Amino acid sequence: MATLYYIILVPMVYIAFAVFFLGTAIRLVKIFKAPKHPTTLQIFPEKQPKWLWALHDTFLLPTVRKHNPLLWVFLMVFHLCFLLLVIGHIELFKAFEIFQIIPHEVFLGKGLVGLFLSIALLFFLFRRFVSPNRELSVPEDYYLLILLFLIVLFGSQMDWARTWYEYGELGVEDYREYLMGLLYLKPDVPANVLFAGHSFMLVVHVFFANVFLMFFPFSKIMHSFLALPMNKLRRG
Amino acid sequence: MDQKSRDELLQLFQGKLNQAMKFYLETCSRCGVCTKACHVHESMPHVKYIAAYRAEIVRRIYKKYFKAQGKLWSSVGESKDLSEMAVEELYEAAYSCTGCRRCMVYCPFGIDTQMIMSIAKLLLIGTNAEPETLTMLADMSIEKGKSIDIFKEGFLTGVKNLEAEVVKKWKIEAGETVIPIDVEGADLLYVALAGAHSIIPAAAVFNAAGENWTLSFFEAVNFGAFVGDPTRTKLILDRIVNEAKRLKVKEVCICECGTAFRVMKQLSGKQPFAVSSVTEVHARYIREGRIKLDKARLEGAITYHDPCQIARNGGVMDDPRYILQHLTDDYREMAPDPRYNWCCGGGGGLVALGEETLDFRMKSAKVKADQVQATGANVLATACENCHTQLDNLNEHYNLGVEVKFLTSMVADALVRH
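What counts, and at which threshold
Residues numbered from 1 in each chain as written. Chains lettered and ligands numbered in written order. Predicted model: local features only at pLDDT ≥ 70, side-chain atom pairs only at ≥ 80, totals over all residues. Helix = DSSP H or I, 4+ residues; strand = E, 2+ residues; numbered from the N terminus. Buried ≥ 20, exposed ≤ 12 C-beta atoms within 10 Å, placed from the backbone. Pairing = 2+ DSSP bridges. Contact = placed C-beta atoms within 7 Å. Axes fitted to C-alpha atoms, helices over the stretch in contact; angles between N-to-C directions. Core = buried A, V, L, I, M, F, W, Y, C linked by C-beta atoms within 7 Å. Domains from an automatic or database assignment. Right-handed = clockwise from strand over helix to strand, strands pointing away. Parallel < 35°, antiparallel > 145°, perpendicular 65-115°, else oblique. Left-handed = near helix turned anticlockwise from the far one by under 90°. Nonpolar A, V, L, I, M, F, W, Y, C, P; charged D, E, K, R; others polar.

Now for the overall build of chain A. Tallying secondary structure elements over chain A gives 14 helices and 0 strands in all. Put simply, chain A runs from its N terminus to its C terminus through helices and strands in the order α-α-α-α-α-α-α-α-α-α-α-α-α-α. Counting only C-alpha atoms and orienting by the principal axes, one finds that chain A spans roughly 60 × 40 × 35 Å. Taken across its 236 residues, chain A has 31% of its residues classed as buried.

Right, let's get into the sheet that holds strand S9 (residues 403-406) of chain B. Residues and elements named next belong to chain B. Strand order across the open sheet formed by 4 strands is S7-S6-S8-S9, with parallel pairing between neighbours. In this open sheet, the two strands that pair with only one neighbour each are strand S7 (331-332) and S9. In terms of strand pairing, strand S6 (residues 302-305) meets strand S8 (residues 379-382) through 4 bridges, oriented parallel. Bridged to His305 within S8 is Thr382. Sheet strands touched by helix H19 (residues 385-397): S6, S8 and S9. Its angle to S9, the strand with the most contacts, is close to 175°.

Bringing the nonpolar core into the picture now. All names here are of chain B. Counting residues in each nonpolar core, the largest one holds 93 residues, and the members touching the most others are Tyr190, Val191, Val252 and Ile254. In terms of residues, this core owes the most to one element, helix H11 (residues 196-208), which gives 8 residues. In this structure, this core is formed jointly by two domains, domain 2 (134-287) and domain 3 (292-416), each of which donates at least three residues. The contact partners of Val252, leaving out residues within four places of it in the chain, are Leu189, Val191, Ile240, Ala244, Met264, Phe273 and Val275.

The next thing to look at is the pairing of S6(B). All names here are of chain B. Residues Ile302 and Tyr304 of S6 are buried on one face, and the alternating residues Thr303 and His305, pointing to the opposite face, are buried as well. With 2 bridges connecting them, S6 and S7 associate as parallel partners. Across the sheet, the residue bridging to Thr303 is Arg332, located in S7. Note on the crossover from S6 through helix H16 (residues 318-325) to S7: the handedness is right-handed.

Another point: the packing of helix H2 (residues 11-33) of chain A against helix H13 (residues 199-215) of chain A. Residues and elements named next belong to chain A. In the contact formed by H2 and H13, the axes pass within 8 Å of each other and the chain directions differ by 25°. Regarding the angle of H2 to H13, the classification is roughly parallel. Judged by the twist between their axes, the crossing of H2 over H13 is left-handed. Seen from H2, the contacting residues are Met12, Val13, Ala16, Phe17, Val19 and Phe20; seen from H13, they are Val206, Asn210, Leu213 and Met214. Classifying every residue of the contact of H2 with H13 by side-chain character gives 9 nonpolar, 1 polar and no charged.

Taken together, the contacts link 38 residues of chain A with 42 residues of chain B. Contributing elements (two or more residues each) for the side of chain A that touches chain B: H2, helix H4 (62-67), helix H9 (133-136), helix H10 (139-165) and helix H14 (223-235) of chain A. At 8 residues, H14(A) tops the list of elements feeding residues into the side of chain A that touches chain B. Residue composition of the side of chain A that touches chain B, by class: 22 nonpolar, 10 polar and 6 charged.

All names here are of chain B. The topology assignment puts Trp213 in strand S2 (residues 213-215). Residue Trp213 is classed as buried on the basis of its 24 C-beta neighbours within 10 Å. The sequence separation of Trp213 and Ala186 amounts to 27 residues, and the corresponding C-alpha distance is 5.3 Å. Setting aside anything within four residues of it in sequence, one finds Trp213 in contact with Pro180, Ala186, Asp187, Leu188, Tyr190 and Phe206.

Have a look at this one:
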């Protein structure tokens, strides 16, 4: 079992990050190297400055707010919480002191961030069961939501255990040690990470996260990079 | 479909994959926000008429042949073989889409469904499955560009016959030409449609404004754009560009034709002349005091239908309203935000296909008919030939009891001497 845990926690993480970074970079280069469209693709009336409106469209999703306010609330919660958790993870690396000015708990919101994220993901999943979203959806849409839900659930569970029912065996310091080892290419998995009562939760969390990272460059999640340039096209 | 024809089609597909197209094909998250955007879907709620679904029909082929995802794990994105069945689906998607781009206003990313449909249209041309009428019309336009001398005589006689009608609307000074043609050094080249209604009122207004203008030999409409053929579109466009350069005009003014205006304005590239729609030119004349209009000539409430290619996609929104302020005191706004104006249901070549598409056009534009009716206006003005024909058909089909009119002809009828 320890071997399997180790494979998931070390080699697979490296592979996942390699696929994620290389895949994303190669795909983006290929997309951006393609010739530009010869004409404008803008929608009128235009508003100046265009780049500011493009940022507004990308990060505040005004069209969704107007046409599907409920979905908009969940989308905003989802993306904000996702961002907080990404920072919350980067902050676990000792080397990134700039993120550590704000305490770790803030990014996790005493477990609420993970909870909100799980609820938002369930909402996205269940709305796909309803027509016409059901007919529009392809398996990718479900896989991604289920995958993210599992990642968030198992990840949050570790945090919930600590903040809600005083589980203390596996904590921030252990994660820091493990992640620093990975970062400096001297992987050293602390005994706590491998053998604590909650190791299983961590391993499952990392496993699904690895799968997600490897799927990322080939999925619709590439919208994280393309949403802004596309919105710029619409603004002209 | 055999391998060779499929490869040829994929070549065509590949040619369309520029940066913007790749953005559009990579990104849809199938969130479904565009569900309410399409007039076809609003009138006939069927999933196949949702913008995201139309796009997905093209996207599935893209995934299969141009994306690792489709090659390695085909089922995850439901990628699809390019087969005869797929071509049929492409036809249905492309020719039930009018290219109005209303869905672009709903999409959180701004995906351009019209552009994605241009792949479908090109693949249809590649399999000879496109509506033949459109290709035929496009080829006739191109032929005319090649052998102008054959058409010249007939055209000049035809125009001559219109002069009396123009003079009825606006009497000119002795010695002036009623409809000038082929005038080198004119300020403005007016590109009309093959039809008296597109020439007579415009000519009267130009003469009233004292414009130094000349009429183009060619008709503005671009059937190449309707059928989605970039080569033909360019050839048809170039006839006018070349004529404008030869005559050294400062401005090319496109008649009331949405496609022609957008193609000329956005596709002609950087040219020594400016491009404007006849609506913009008329608004300018009023603003500069070059023409004066009499509100008493028109009775009843007037509403205005924004042609998609001129308003949402071409940016001409304030000028028609400015003109209408000078034509009536009872103007009824149809779409408070012109970005959301419903398409008439006749774009993308559907009107040009005539009877063949009539049933679909009437059913799919029910929301438009309702929108017109809600204004309670008696006169329905518009500034696009396609829209005019379609709105006329809707008027008859749904008994709207309105009079569908061109904005230019309303301006010409209201002209008064200073």
